[in-house]
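One-letter residues, chain by chain:
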Amino acid sequence: MSLSPSNFENILVMGKSGAGKQPRIDVFTADFGLKQLSTGNIFRSFMKIFNDAAYEGDIDQFYNIDKNEFIEDKKMKETLGSSINNSLMDDFILGLKAHYYVSNGKYVPDSLTNRLFESYFSRSDYKGMVLDGYPRTVTQAEYLFKLTSEKGTKIDAVVLVENEDDAIIKRTMGRRICPSCGAVYHLEFKPPKDGKLCTKCGTEVILRSDDTEEKLRTRLKEFHEKTQPTINFLSEKGIPVVKAEGNLPVFTEEAVKQSVVDGLKEAGLL
Ligand SMILES: [Zn+2]
């Protein structure tokens, strides 16, 4: 199968948490020359900028509890003054905000997620990306749609990895990760050595703390309430929604690739 690296400008891979998005993302990075842009990594990188600056002041002073929002950036800058290197200031403030919401377990407002996302997306001229974890709400999708239109790029397709809730629960509960090197296993589909040891480094594998059934059900609910309307919005804007079967009878790289390619062909994109 020969695929052109320049088939697409940007692809969104969406689906329920645990549906199997990463192997489909891998197809786009390996065969279509796109780069993965994941919101999780963007947040981590901004929080690292904040942490690396080792700011010792009080960060609650920047948050207006009554209005439930941060004070203006201009005022934050005045207060931070020379304690933060001027060339780092904008990124530091974004990192501070990300840190504030995440460490307090608060819902991150779309406006902040959009700004963090755009700062990375702009570095690649708004193209060449397979987006992961963004957009997650209709508001974010509106922002992305407007941004690509303004910048003269586009979203070629939403690749929706389909999987039933029950299948996801069964699969996720069997997942194990290596706490040492990060390798991912599955008790049934990709068993670790002797059922418990990482084949790469020998460490005993564990169930991620995020993989409890209760947390999983919360993430599935979020998909139905927020992500599904987001996909509907993008579809109404004329972006093709390509369905990729998530529950493959044989889970090999080749089978995953074939399922993605079949979906793209069926939608007339290849
Ligand atoms: Zn390992």
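What counts as what
Residues numbered from 1 in each chain as written. Predicted model: local features only at pLDDT ≥ 70, side-chain atom pairs only at ≥ 80, totals over all residues. Heavy atoms only, no water. Helix = DSSP H or I, 4+ residues; strand = E, 2+ residues; numbered from the N terminus. Rg over C-alpha atoms; globule rule 2.2 N^0.38 Å. Buried < 20%, exposed > 50% of the residue type's maximum accessible area, 1.4 Å probe, protein only. Contact = heavy atoms within 4.5 Å. Areas by Shrake-Rupley, 256 points an atom, 1.4 Å probe, with all protein chains shown as cover. Lys, Arg positive; Asp, Glu negative; His and termini not counted. Charge placed at Lys NZ, Arg CZ, Asp CG, Glu CD. Salt bridge = Lys/Arg side-chain N within 4 Å of Asp/Glu carboxyl O. Donors = N, O, S within 2.8 Å, 3.2 Å for Na, K, Ca; no water. Tetrahedral: all angles 85-135°; square planar, octahedral: opposite > 155°, others 65-115°. Core = buried A, V, L, I, M, F, W, Y, C linked by side-chain atoms within 4.5 Å. Domains from an automatic or database assignment. Pairing = 2+ DSSP bridges. Axes fitted to C-alpha atoms, helices over the stretch in contact; angles between N-to-C directions.

Asks: Can you tell me about the overall build of the protein, naming the residues and giving the values?
Replies: In terms of regular secondary structure, the protein is built from nine helices and nine strands. Its C-alpha atoms give the protein a radius of gyration of 20 Å, near enough to 18 Å, the size a compact globule of 270 residues would have. Each principal axis of the C-alpha atoms in the protein carries an extent, and together these give about 60 × 45 × 30 Å. Buried residues in the protein amount to 41% of all 270 residues. Long-range pairs, those at least 24 residues apart, make up 69% of the contacts in the protein between residues at least 6 apart in sequence. Summing over all exposed atoms, the protein offers an accessible surface of approximately 14500 Å²; the carbon and sulfur share of this is 48%. Mean positive and mean negative side-chain charge positions of the protein (37 and 40 charges, respectively) differ by 2 Å.

Asks: Tell me about the environment of isoleucine 84, and name the residues and values.
Replies: Within the element layout of this structure, isoleucine 84 appears in the loop between α3 (73–80) and α4 (89–103). Sequence spacing of isoleucine 84 and tyrosine 55 is 29 residues, and the spatial spacing of their C-alpha atoms is 8.0 Å.

Asks: How would you explain helix α7 (residues 165–173) if you had to name every residue and give the values?
Replies: For α7, the set of buried residues is Ile168, Ile169, Arg171 and Thr172. The elements touched by buried residues of α7 are β7 (175–177), β8 (184–186) and α8 (213–236).

Asks: For the pattern of salt bridges, give the residues involved together with the corresponding values.
Replies: Counted under the stated rule, the structure contains 16 salt bridges. Across the pair lysine 154 and glutamate 9 runs a salt bridge whose closest N-O atoms are separated by 3.7 Å. Of this pair, lysine 154 sits in the loop between α6 (138–151) and β6 (157–162) while glutamate 9 is found in the segment before β1 (10–15), placing the two residues 145 residues apart along the sequence. Relative accessible area serves as the criterion here: at 40%, lysine 154 is assigned to the partly exposed category. Exposure remark for glutamate 9: the relative accessible area of 25% places this residue in the partly exposed category. Here glutamate 150 makes a salt bridge to lysine 146, at a shortest N to O gap of 3.2 Å. Note that glutamate 150 and lysine 146 are positioned in helix α6 at a spacing of four residues, about one turn of the helix. No difference in accessibility class separates glutamate 150 from lysine 146, as the two residues are exposed. Salt bridges sharing partners connect three or more residues here, namely Arg175, Arg208, Asp211 and Arg219.

Asks: Describe the coordination of the zinc ion, naming the residues involved and giving the relevant values.
Replies: Those donors, Cys178 (SG), Cys181 (SG), Cys198 (SG) and Cys201 (SG), are the protein atoms that reach the zinc ion, and they lie 2.3 Å from it. The coordination sphere of the zinc ion comprises four donor atoms, whose angles at the metal cover 101 to 121 degrees; the geometry is tetrahedral. Donor residues binding the zinc ion come from one chain and are separated in sequence as C-x2-C-x16-C-x2-C. Note on cysteine 181: relative accessible area 41%, which makes it partly exposed.

Asks: Can you tell me about the nonpolar core, naming the residues and giving the values?
Replies: By size, the foremost hydrophobic cluster in this structure holds 44 residues, and its most contacted members are Phe117, Phe121 and Leu131. With eight residues, α4 is the single largest residue contributor to this core. Looking at which domains feed residues into this core, each of domain 1 (1–34 + 134–163 + 216–270) and domain 2 (37–127) gives three or more. Not counting residues within four places of it along the chain, the set of residues in contact with phenylalanine 121 comprises Asn10, Leu37, Tyr126, Lys127, Met129, Leu131, Leu144, Leu147 and Thr148. Counting 23 residues, the second largest nonpolar core, distinct from the first, contains Ala19, Phe28, Ile168 and Leu264.

Asks: Can you break down the sheet that holds strand β2 (residues 35–38) residue by residue, with the values?
Replies: Pairing in this open sheet of five strands is parallel, and the strands run β2-β5-β1-β6-β9 from one edge to the other. Both edges of this open sheet fall to β2 and β9 (241–245), since each of them pairs with a single strand only. Between one strand axis and the next, the sheet turns by 25 degrees as a mean value, whatever way the strands run. Where β1 lies against strand β5 (residues 129–132), four bridges are found, and the strand directions are parallel. Looking at β5, one finds that isoleucine 11 is bridged to valine 130. Running over the sheet, α8 touches β1, β6 and β9 and is turned about 150 degrees from β1.

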